Amino acid sequence: MLGVVIFFSLQFYKTKESFAKLFVSGKPLILGIFGGTFGIVGTILGLSYKGAIINYRDMGVIIASLYGGLPAALLSSSIASTHRFLLGGPSGLACAIGTLSAGIFSSFFRKQFERSKNKVVFGCLLSAISELVHLFVAYLIITPRSLAADIVSNALFPMVITNAFGAALILALTIYTEDAVRATTSQVFKVTLGTVEEGIKFVEDPKPDNLVKFAQKISHVLNVDKVLISLDRDSQVGEDYSMTRVCIPLKSKDGTIGNLIVINSAELQKEQVLMIREIAKFIEIIALAAKAVKEAILAREAQMRDFMSKLGPHFLFNTLASIRYLVATDEDKATEMIDELSQLLRYYFEKKGPFVALEEEMSMIEYYLSIMKLRFGESLNYEIDVPENLKQYLIPPMILQPIVENAIEHGEKDGTIAVRIKAKQKDQYLSIRISDEGRGMKPGSKKGVGMMLVETRLKNVYSNKARIEYKNKNGLTVTISIPMEESYDKSSCLGR
């Protein structure tokens, strides 16, 4: 009867979790109280026979002893024995001492029980032996001997069987509960880890697609139809849902930063609402972290662009010197160079955003090469090949100019300079190759300031998703590979 009550109680997760913790913790005090209380119940529900009680008192004491050792055995058996002694009768003292003996005897086998591959069978056999010890002690103490023999002979079978199989049942329930809680905990851990991973992806790359994936993961955790995360404080849900809706503002110390909206066809349970509120706090942390990462990226990019602007005067002084020379020798070329320089300077000073279309960047490069062509004359030749379908992809502004400048400066061979620029799609990457026919890069040689700048900017903007490769073959070929993601403009992803 008691086993049935325990079984149905364990169908609830909280009860199951508490029951598992009771035994896994191995705390002697808690186990001792549990075993003693169980023993009292076993005595109360027992059957009277000639002043003795045929019971399953030892069951709880033995279980407590196996999980909590000698301290739990002494406490549980003392509680159960004291209760039995106070009930009196010709076997009161004998049964009390017998229960104490059974608990102490069982505790000696705790280590073997822990190492056992089949704890249920081990516990069942040990309970049977412990009950025989109990009855043997009782036989020695109960007087007269004829009464002792009568009580023990009639109690032997039912008490051994009841306590042995009862202990096996409790152990089976305990192991089942431990496994169930362990499986649930593992599942919760996997789900939590998956949610955190999606959150980290959004922090590392705060674009709308990653925010949607993060919201989808949360909807699985909550077991609801849909979750929407808006990081726009004035956002509204455009769709008309005739369903349960919970909208929780996401806040920071500066005020509301967005909303968490949960939509479900069924009524939300109280536990789900509590989880939603806790998850909202987690999303606030993720959103603030993403904002901090974005601001750090933009700050680094601004720093790099400021550093890049320091490269401009060197080029500008050389160009002005060339114009000064051409004014005296070739006015038409001087005028053409001034026009090209004005277009280039307009690009330099007007482009404030973090990204530009490849077509626009290539136009700037062509202005730059035209100026260089006017300076170097027929000794400089260049080719630019950009397929029409790639021209609208976004790249950081002026990311190519330092590489082209490097090709012109170090690409001379036999009095001529040849620069080739080719863009193509390779898998999911935009590949831009800039090559010259110069002496190439010596092994172990240090890269110039311009090339270091390009590498740093690529890492700042794309983390480890972009690549830059150097190859020496009939000159130096520098290849930049940028992920072809249309929504890579991070300025539009947060706080828009």
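Each chain has its residues counted from 1, following the order in which its sequence is written. Two thresholds apply to this predicted model, a pLDDT of at least 70 for residue-level local features and 80 or more for giving and counting side-chain atom pairs, whereas whole-chain, interface and lining totals are computed over all residues. As a rule here, side-chain values come from all non-hydrogen atoms in the structure, and water together with hydrogens is ignored.

Observations concerning the overall build of the chain
Okay, so step 1: Runs of E in the DSSP output that reach at least two residues are strands. Runs of H or I that reach at least four are helices, and both are numbered from the N terminus. For the chain, the helix and strand inventory stands at 15 helices and 13 strands.
Okay, so step 2: Burial status across the chain gives 45% buried among its 496 residues.
Okay, so step 3: Contacts: residue pairs with any heavy atoms within 4.5 Å of one another. Of the contacts formed within the chain by residues at least 6 apart in sequence, a portion of 70% connects residues at least 24 apart.
Okay, so step 4: Approximately 26,200 Å² of the chain is accessible, and the part contributed by carbon and sulfur atoms is 59%. Only protein chains enter the accessibility calculation, which uses a 1.4 Å probe. A residue is then buried if its area is under 20% of the maximum for its type, exposed if over 50%, and partly exposed in between. Accessible areas in this description were obtained via Shrake-Rupley with a 1.4 Å probe; residue shielding takes into account the shown protein chains only.

Thoughts on the confidence of the model for the chain
Okay, so step 1: Every residue gets a pLDDT, meaning the predictor's confidence in that residue, from 0 to 100. Averaged over all residues, the pLDDT of the chain equals 80, while 81% of them reach at least 70.
Okay, so step 2: Contacts of residues 1-5 to residues separated by more than four positions or lying in other chains number 5 contacts, the stretch itself having pLDDT below 50.

Things to note about a negative patch on the surface
Okay, so step 1: Here, patches come from residues exposed beyond 30% relative accessible area and free of salt bridges, joined within 9 Å for like charges and within 5 Å for nonpolar side chains (Val, Leu, Ile, Met, Phe, Trp, Tyr). The working definition used for a salt bridge is a side-chain nitrogen of Lys or Arg within 4 Å of a carboxyl oxygen of Asp or Glu. Charge assignment in this entry is limited to Lys and Arg as positive and Asp and Glu as negative, and neither His nor the chain termini are counted. Here the site of a charge means atom NZ of a Lys, CZ of an Arg, CG of an Asp or CD of a Glu. A cluster of acidic residues, E331, D332, E336 and D339, forms a negative patch at the surface.
Okay, so step 2: Among the structural elements, E336 can be located in helix α12 (residues 331-350).
Okay, so step 3: For E336, a relative accessible area of 39% puts it in the partly exposed group.

Digging into the side chain of T99
Okay, so step 1: Examined against the element boundaries, T99 turns out to sit in helix α5 (residues 92-107).
Okay, so step 2: Taking the relative accessible area as the measure of exposure, T99 reaches 0% and is therefore buried.
Okay, so step 3: Side-chain polar atoms of T99 contact the side chain of R57, separated by 2.8 Å.
Okay, so step 4: Setting aside residues up to four positions removed in sequence, T99 forms contacts with R57, D58, V61, S77, A80, S81 and H134. Think of a polar contact as two N or O atoms within 3.5 Å of one another; within protein, one of them needs to be a possible hydrogen donor and the other a possible acceptor, and neighboring residues in sequence only count if both atoms come from side chains.

A look at the packing of helix α3 (residues 28-44) against helix α4 (residues 57-87)
Okay, so step 1: Between the N-to-C directions of two axes lies an angle of 0 to 180 degrees, each axis being a line fitted to C-alpha atoms and, for a helix, fitted only over the stretch in contact. Two elements in contact, α3 and α4, have axes whose closest approach is 7 Å; the angle formed by their N-to-C orientations is 45 degrees. By the angle class used here, α3 and α4 are oblique. Handedness of the crossing formed by α3 with α4: right-handed.
Okay, so step 2: A breakdown of the residues in the contact of α3 with α4 according to their chemical character gives 17 nonpolar, 11 polar and 2 charged. Note on angle classes: values under 35 degrees are labelled roughly parallel, values over 145 roughly antiparallel, values of 65 to 115 roughly perpendicular, and the remainder oblique. The handedness criterion is simple: a crossing whose near helix is rotated anticlockwise from the far helix by less than a right angle is left-handed, and one whose near helix is rotated clockwise is right-handed. In this classification, the charged set is Asp, Glu, Lys and Arg, the nonpolar set is Ala, Val, Leu, Ile, Met, Phe, Trp, Tyr, Cys and Pro, and all remaining amino acids, among them Gly, are polar.

Considering α4
Okay, so step 1: For a helix, the expected span equals 1.5 Å multiplied by the number of residues minus one. In this model, α4 (31 residues) spans only 13 Å end to end at C-alpha, well below the 45 Å of a helix rising 1.5 Å per residue.
Okay, so step 2: Along α4, the largest kink reaches about 150 degrees and is centred on G69; proline P71 follows within four residues of it.
Okay, so step 3: Backbone geometry just downstream of α4 places G88 in the positive-phi region, at approximately 75 degrees. Bend is the name given here to the angle between axes fitted to two runs of seven residues, the run ending at a residue and the run starting at it.

Quick look at the pairing of strand β11 (residues 429-435)
Okay, so step 1: Burial of β11 is extensive: 5 of the 7 residues sit out of reach of the surface.
Okay, so step 2: In this scheme, strands are said to pair when DSSP sees at least two bridges between them. Inspection of the sheet shows β11 paired to strand β13 (residues 476-483) by 7 bridges, in the antiparallel sense. Looking across to β13, one finds that Y429 is bridged to P483.

Comments concerning the pattern of salt bridges
Okay, so step 1: According to the stated counting rule, one finds 5 salt bridges in the structure shown.
Okay, so step 2: Here E114 and R110 are joined by a salt bridge, their closest N and O atoms 3.2 Å apart. One end of the pair is E114 and the other is R110, both in helix α6 (residues 110-115) and 4 residues apart, which spans about a single turn.
Okay, so step 3: With relative accessibility at 26%, the residue R110 sits in the partly exposed group.
Okay, so step 4: One salt bridge in this structure joins E437 and R420, with 2.9 Å as the shortest N-O distance. Here E437 is found in the loop between β11 and α15 (449-462), whereas its partner R420 is found in strand β10 (residues 416-426), with 17 residues between them in sequence.
Okay, so step 5: We classify E437 as partly exposed; its relative accessible area is 28%.

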